[in-house]
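The chain contents come next:
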Amino acid sequence: MSATPLTDKAMMRLRALAESHQLLPDSIKLLRTEEKMVQLTGQMAITATLQQEQVRYAGEARGKLDRVFRSREDLDNYLKHVEKEFQADSAWQDDVRKDLEKLPGKGWAAVVPQLRFDERTQHMAATEPCADCAGRGAEECTQCAAKGQMICVHCNGSGSDVCDWCQGSGYNLQDTSQICNYCGGQRFSACRMCKGNRAVACPACRGRRVIGCQPCQGKGSFTQSVTVSFVADMHFRDGSGHGLPVAVRRMIDRQNGVAFLAKGHATIRMNETTAKGEQQMLIHYVAEFPAAEMTVDFAGRKGPMTCFGLKHAMVEVPPFLDQVLAPAVDELKNLSKKLGDVSVLRKYAAVHEALNLVLQGRRDARDLLRKMPIGLSLARAQELMQLSAKALHRQNMVWRWGVAGLSVALPLLVAWLCFDAVNIPTPWDWLLLPFFFLLGVGVYVFGQGAALKARKLGDAVTLRQPFDQFGWAALLVLAVLMLVVLLFSAHPPQGLPSLITLATVPSTP
Ligand SMILES: [Zn+2]
Ligand SMILES: [Zn+2]
Ligand SMILES: [Zn+2]
Ligand SMILES: [Zn+2]
């Protein structure tokens, strides 16, 4: 086994990268390496607290409860007992250790705000009768003395009223020889307010004799509910780093802390736990990982780089591919001006990826850097993406014009056959127009994708190729030609004049 396994891994990857860019593997030479184990420490302070959540509501206790008490006093006494038990209990510390084992990196730099111990949560409640209504939920109506009815004030309890029609005379006022039809000469009719009942329902209780108790909403009782939960707050603090390479330190700064190490970069141990009283504990961590600080000759360009961690992450590799790709960039520039074979440039892995991304309709240089994360600068990646798009555009131009011409000519031929050669006047002529239009668009769009596929420029080619000015110009020409065909056809749709007919109308002498 090699004494510098991490360095060997890094060199293997760099050489593979060089080979995929037309360099000889041994153009990457290791000049110097220093490989060692790095240890970072950290500690987490954990404080347990008992949280109480109190709610008071009208009515009986609701929901799932662990304990129900007969009075507030009993409940308060029990809460004091729970508090006392909590102060003396340190069994939760074992639960914390178990919970942390389940977290990534055993809780190293965890940003979980709190550990909760749901099995220790208790829901309890005490229900007491309402003091205002003594638990009855309602009080007697004072307005009607709990009778539910009140004497009609309109008729003063008599149930009848002077007749409206005859104004109490008993006669028909229009013809006094007749008796009043309405009261039949009685001079009185039933009271309109109480309909002859002599009494009306009490407006305060609406006839119910009782009025619901306001404070308890008529429920007669109040419930005090308490949820007690046991939580632990965690506070992680970076400790010292022993022999930490500068590049890794910068990486930690970029990642805003050491938390990323828990994602498989380091072996993390919970070294010891210290109980500080019953409600506090301190956990000491050690994160250990290998790191190699290397000096490498990257095809003539010497520079430092660092490889670290169990995932062999390479950081601060100089952008040596920028120089290696110079001839490819020149060739791409050429191919964006004249016809040629773009696919030969796929021997450079970075150009191959750039061409594929462009053919998939992507233009962002960061997509390229995600596929080629080592040895390429952002500026070079942007240049590669732009030039790849331009070169493909240029090479594709003949196909674009060909397909555009075809998409105009084909519907035109069909249109001429339908509108002119066959003289059948039909209202369907109008519907044929958008149909031909869509046919043109379809031929053009799918034709482009097919054309690119035929050239085998990419492994994956989307049919969503750029439509741009060629597409729009083709469609415009198509639309204008369609209109001309329509105007000159022997049977134009109603409302449109036929130019042929207009031209041949004889002038009246
Ligand atoms: Zn009440
Ligand atoms: Zn009443
Ligand atoms: Zn009345
Ligand atoms: Zn009357």
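Bear in mind that the values here come from a model prediction, so they are computed numbers and not experimental data. (Residues numbered from 1 in each chain as written. Chains lettered and ligands numbered in written order. Predicted model: local features only at pLDDT ≥ 70, side-chain atom pairs only at ≥ 80, totals over all residues.)

(A) Looking closely at helix H6 (residues 326-335). By the burial criterion, the buried members of H6 are Ala-328, Leu-332 and Leu-335. Angularly, the buried residues of H6 cover 65 degrees about the axis, an arc narrow enough to put them on a single face. Facing away from the buried surface of H6 by more than 90 degrees, the exposed residues are Ala-326, Pro-327 and Asp-330. (Buried ≥ 20, exposed ≤ 12 C-beta atoms within 10 Å, placed from the backbone. Helix = DSSP H or I, 4+ residues; strand = E, 2+ residues; numbered from the N terminus. Arc of directions from axis to C-beta.)

(B) How the structure looks around the nonpolar core. Membership of the largest hydrophobic core comes to 69 residues, with the highest contact counts inside it found for Ala-350, Ala-354 and Met-385. Counting residues per element, this core draws most heavily on strand S13 (residues 280-298), which supplies ten residues. Viewed by domain, this core spans two of them, domain 1 (5-83 + 102-121 + 226-313) and domain 2 (322-504), each represented by three or more residues. When neighbours within four sequence positions are excluded, Ala-354 is seen to be in contact with Leu-368, Leu-384, Met-385 and Ser-388. Counting residues in hydrophobic clusters, the runner-up holds seven residues, among them Phe-69, Leu-75, Val-226 and Val-228. (Core = buried A, V, L, I, M, F, W, Y, C linked by C-beta atoms within 7 Å. Domains from an automatic or database assignment. Contact = placed C-beta atoms within 7 Å.)

(C) Spotlight on the pairing of S13. As paired elements, strand S1 (residues 28-58) and S13 share 19 bridges and run antiparallel to each other. The residue of S13 that forms the bridge with Gln-43 is His-284. In this structure, strand S12 (residues 267-275) lies alongside S13, joined through eight bridges in antiparallel fashion. Paired with Ala-275 across the strands is Met-281, a residue of S13. Relative to strand S14 (residues 301-308), S13 runs antiparallel, the two sharing eight bridges. Directly across from Met-294, in S14, lies its bridge partner Met-305. (Pairing = 2+ DSSP bridges.)

Taken by themselves, the reported measurements are silent on function.
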